[in-house]
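Report on the structure
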Amino acid sequence: MFDGYRSVPRAALGHSDHCLVHLIPVYRQQLKRAKPVVKTVKKWTNAAKQELQDCFDCTDWTVFEAASDNLDELTDTVTSYISFCEDVCVPTKTFCTYNNNKPWFTPKLQHLRRAKEDAYRSGDRALYKQARNTLTREIKVAKRSYSEKLKERFSANDPASVWRGLRTITNYRRPPPPAAANKDLADELNTFYCRIHVEDVSRLFQKQKTRKAAGPDGVSPSCLKACADQLAPIFTRIFNRSLELCEVPTCFKRSTIIPVPKKPTISGLNDYRPVALTSDGDESAYRQEVERLVLWCSQHNLELNTLKTVEMAVDFRRHPTTLSPLTIADSPVSIVETFKFLGTTISQDLKRIREMGYNCRVPRIKPFLSPSQRQKRLNWAKEKKDWTVTATVYQNVLEDSMIPSADDLYGDTDFIFPQDLAPAHTARSTKTWLDDHAITVLDWPANLPDLNPIENL
């Protein structure tokens, strides 16, 4: 497999005149590749909402209006005060999320997992077995409940929920209606929207989605929804003053841009995904950069050859639009669909990526044995050379060796345990033991050829 391993030179083995080459898999598990994220969220309890509402009820908003000289200062002061009250009245909760968190892993399962870990640290084997078996049963119940929930979403006789799910999957957006070319409609809209009422602002605040993040002003949607009646009057006056002055406050025009990294570990600016200079057909920033490049070349006695300059646009939208050609020194730049650079063909057709042979493969990882592990295996084999395996002995081996190893390797996830049809494996007491521990056994046909090389030595 290409680029599946990286090679590391090692010392020669014995008296050999050749060096060893150690092949290390390039792929790393997603859990090891991405670090856990510590998040802090606010707990919007009924007591916190009531305390925040009482705080805003006792606030005299006219003091802010009298102390502010302009609209920007008033808006900044009001939003900063709201954020301060929100931080004081609403408690926070900090938790850690891992990249392999499952949607069916509920808080109840987290509590059971912590109980199993506490029982393991205490050294009480009976308590640990009980906690482990309880966690295994509850995991199966949670998986079954989550699966039934997904099935019910598509099989229930609710066209609205089915259509909502299909729109989410297909990313469907209803096309906007065509604009009416009516001059009188503009005057009617100006008359209708010339004033903003408190009831309208309060109704809009109550429709806020609490799962959305706060904007640059720092006011969260949860605060606006919980205290809609208390905050609607002051924001109504701000909106009306903005209409009168034909001016939008600066904090309402800001936006928060979060760069998207391409790699888990950032070593430079090139590790972030590029952000285009065009948005919704606006190429002003892009063309300004080109003009600056032309000006810089002219100042440094450099001449751009427009005959060898081409432009290629990759549009990720569903319905791309036709862009006007770029102009350099009054000469239009030709637009191409493909471009070859350093032996690589870049195409604006995204469907050709797989045709060019770019596929994703996950290499398998086989852990290497350390010298101490080899010695432990050898000592175990010497101790058990005259050992006769019975059903009781086999169950003790599973209890002492297989169960702890499975907990370390797989944790709370399900796994399939392979074993052949030896008498100790198929005994009735062994099957009962496996069922009590909720262990799934791989179906093994009779007279199956063993692929382990040691069986043929």
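That block above? That's the structure.
Overview of the structure.

What counts and how
Starting from 1, residues in each chain are numbered consecutively following that chain's sequence as written. At least 70 in pLDDT is required for a residue's local features to be given in this predicted model, at least 80 for side-chain atom pairs to be given and counted, and no such filter applies to totals for whole chains, interfaces and linings, which use all residues. Here the side-chain values reflect all heavy atoms present in the structure, with hydrogen atoms and water set aside. Residues enter patches when their relative accessible area tops 30% and they take part in no salt bridge; the joining distance is 9 Å for like charges and 5 Å for the nonpolar side chains Val, Leu, Ile, Met, Phe, Trp and Tyr. Here the open area of atoms and residues is found with the Shrake-Rupley method and a 1.4 Å probe, where only the protein chains shown may cover a residue. Salt bridge, as used here: a side-chain nitrogen of Lys or Arg that lies within 4 Å of a carboxyl oxygen of Asp or Glu. Charged residues are defined here as Lys and Arg on the positive side and Asp and Glu on the negative side; His and the ends of the chain fall outside this count. Charge coordinates come from a single atom per side chain, which is NZ of Lys, CZ of Arg, CG of Asp or CD of Glu. The numbering of helices and of strands both runs from the N terminus, where a helix is a DSSP run of H or I of at least 4 residues and a strand a run of E of at least 2. By nonpolar core is meant a set of buried Ala, Val, Leu, Ile, Met, Phe, Trp, Tyr and Cys residues that side-chain atoms within 4.5 Å join together. We call a residue buried when its accessible area falls under 20% of the maximum for its residue type, exposed when it is over 50%, and partly exposed in between, using a 1.4 Å probe and counting protein chains only. Residue contacts are defined here by distance: any two heavy atoms, one from each residue, within 4.5 Å place the two residues in contact. The span one expects for a helix is its residue count, reduced by one, times 1.5 Å. What the arc covers is the set of directions going from the helix axis to the C-beta atoms. Counted as a polar contact is a pair of N or O atoms within 3.5 Å, where, for protein atoms, one must be capable of donating a hydrogen and the other of accepting one, and residues adjacent in sequence contribute only when both atoms are in side chains. A pair of Phe, Tyr and Trp rings is counted when the ring centres sit within 6.5 Å of each other, with Trp represented by its six-membered ring. The angle between the planes then sorts it: under 30 degrees is stacked, over 60 is edge-to-face, the rest tilted. Think of each axis as a best-fit line through the C-alpha atoms, taken over the contacting stretch in the case of a helix, with angles from 0 to 180 degrees between the N-to-C directions. Angles below 35 degrees are treated as roughly parallel, those above 145 as roughly antiparallel, those between 65 and 115 as roughly perpendicular, and all remaining angles as oblique. Here is the rule for handedness: rotate from the far helix to the near one, and if that takes an anticlockwise turn smaller than a right angle the crossing is left-handed, while a clockwise turn gives right-handed. Under this grouping Gly is polar, as are all residues other than the nonpolar Ala, Val, Leu, Ile, Met, Phe, Trp, Tyr, Cys and Pro and the charged Asp, Glu, Lys and Arg. The term disulfide is used for any two cysteine sulfur atoms that are within 2.5 Å.

**A short note on a negative patch on the surface**
A surface patch of like charges, here negative, comprises Glu51, Asp54, Asp57 and Asp229. The element best represented in the negative patch is helix α2 (residues 46–57), accounting for three residues. Inspection of the secondary structure puts Glu51 in helix α2.

**Looking at the nonpolar core**
By size, the foremost hydrophobic cluster in this structure holds 25 residues, and its most contacted members are Leu52, Phe56, Trp61, Val78, Ile82, Leu231 and Phe235. When near neighbours in sequence (up to four residues on either side) are disregarded, Val78 contacts Trp61, Phe64, Ile234 and Ile238.

**Regarding helix α4 (residues 71–89)**
Compared with an ideal rise of 1.5 Å per residue, which puts 19 residues at 27 Å, α4 spans 27 Å between its outermost C-alpha atoms and is within 8% of the ideal. Restricting attention to buried positions, one finds in α4 the residues Leu71, Leu74, Thr75, Val78, Thr79, Ile82, Ser83, Cys85, Glu86 and Cys89. Seen along its axis, α4 keeps its buried residues to an arc of 165 degrees; they face one direction. Turned more than 90 degrees away from the buried face of α4 sit Phe84, Asp87 and Val88, all of them exposed. Looking at the buried side of α4, the elements it contacts are β3 (37–42), α2, α3 (61–67), α10 (221–226), α11 (228–245) and α12 (250–253). Sitting at the amino-terminal end of α4 is Asn70, which places a side-chain oxygen 3.4 Å from the backbone nitrogen of Asp72.

**Overview of a positive patch on the surface**
Together, Lys43, Lys93, Arg113 and Arg114 line one region of the surface with positive charge. Residue placement: Arg114 occurs in helix α5 (residues 107–122). Residue classification places Arg114 among the partly exposed residues on the basis of a relative accessible area of 44%.

**Some words on the side chain of Thr75**
As for its position among the elements, Thr75 is in helix α4. Judged by relative accessible area, which is 0%, Thr75 ranks as buried. At 2.8 Å, the side chain of Thr75 forms a polar contact with the backbone oxygen of Leu71. Beyond its immediate chain neighbours, meaning those up to four positions away, Thr75 contacts Ile238, Pro249, Cys251 and Phe252.

**Quick notes on the packing of aromatic side chains**
Using the criterion set out here, one finds nine aromatic pairs in the structure. Judged by centre distance (6.2 Å) and plane angle (35 degrees), the ring pair of Phe56 and Trp61 falls under tilted. Taking the relative accessible area as the measure of exposure, Phe56 reaches 2% and is therefore buried. Relative accessible area serves as the criterion here: at 7%, Trp61 is assigned to the buried category.

**Brief notes about the packing of helix α16 (residues 391–410) against helix α18 (residues 428–436)**
Where α16 meets α18, the closest approach of the two axes is 9 Å, and the angle between their N-to-C directions is 25 degrees. By the angle between their axes, α16 is roughly parallel relative to α18. The hand of the α16/α18 crossing is right-handed. Residue-level contacts link Ala391, Tyr394, Gln395, Leu398, Glu399 and Ile403 of α16 to Ser429, Thr430, Trp433 and Leu434 of α18. In terms of residue class, the contact of α16 with α18 is made up of six nonpolar, three polar and one charged.

**Things to note about the state of the cysteines**
Within the structure shown, the criterion is met by zero disulfides. Cys55 takes part in no disulfide bond, and the closest cysteine sulfur, belonging to Cys85, lies 3.4 Å away. Cys55 gets classed as partly exposed once you look at its relative accessible area, which sits at 22%. Cys227 takes part in no disulfide bond, and the closest cysteine sulfur, belonging to Cys223, lies 4.8 Å away.

**A short note on the packing of α2 against α4**
One way to put it is that α2 packs onto α4 with a least axis distance of 9 Å and a crossing angle of 145 degrees. Once α2 is placed against α4, the crossing between them reads as right-handed. Between α2 and α4, the residues in contact are Ala48, Glu51, Leu52, Cys55 and Phe56 and Tyr81, Ile82, Cys85, Glu86 and Cys89, respectively. For the contact of α2 with α4, the per-class residue count stands at eight nonpolar, no polar and two charged.

**Some words on the pattern of salt bridges**
Scanning the model with the defined rule gives ten salt bridges in all. One salt bridge connects Arg121 with Glu117, and the closest N-O pair in it is separated by 3.9 Å. Remark: Glu117 and Arg121 occur in helix α5; sequence separation between them is four residues, near one turn of the helix. For Arg121, a relative accessible area of 60% puts it in the exposed group. On the accessibility criterion, Glu117 (33% relative accessible area) is partly exposed. Between Glu399 and Arg125 there is a salt bridge; the shortest N-O distance is 3.7 Å. Taken together, the positions of Glu399 in helix α16 and Arg125 in helix α6 (residues 125–155) put the pair 274 residues apart, joining distant regions of the chain. Overall, Arg125 belongs to the partly exposed group, its relative accessible area being 48%. A network of salt bridges, in which partner residues are shared, links Lys42, Glu86 and Asp87.

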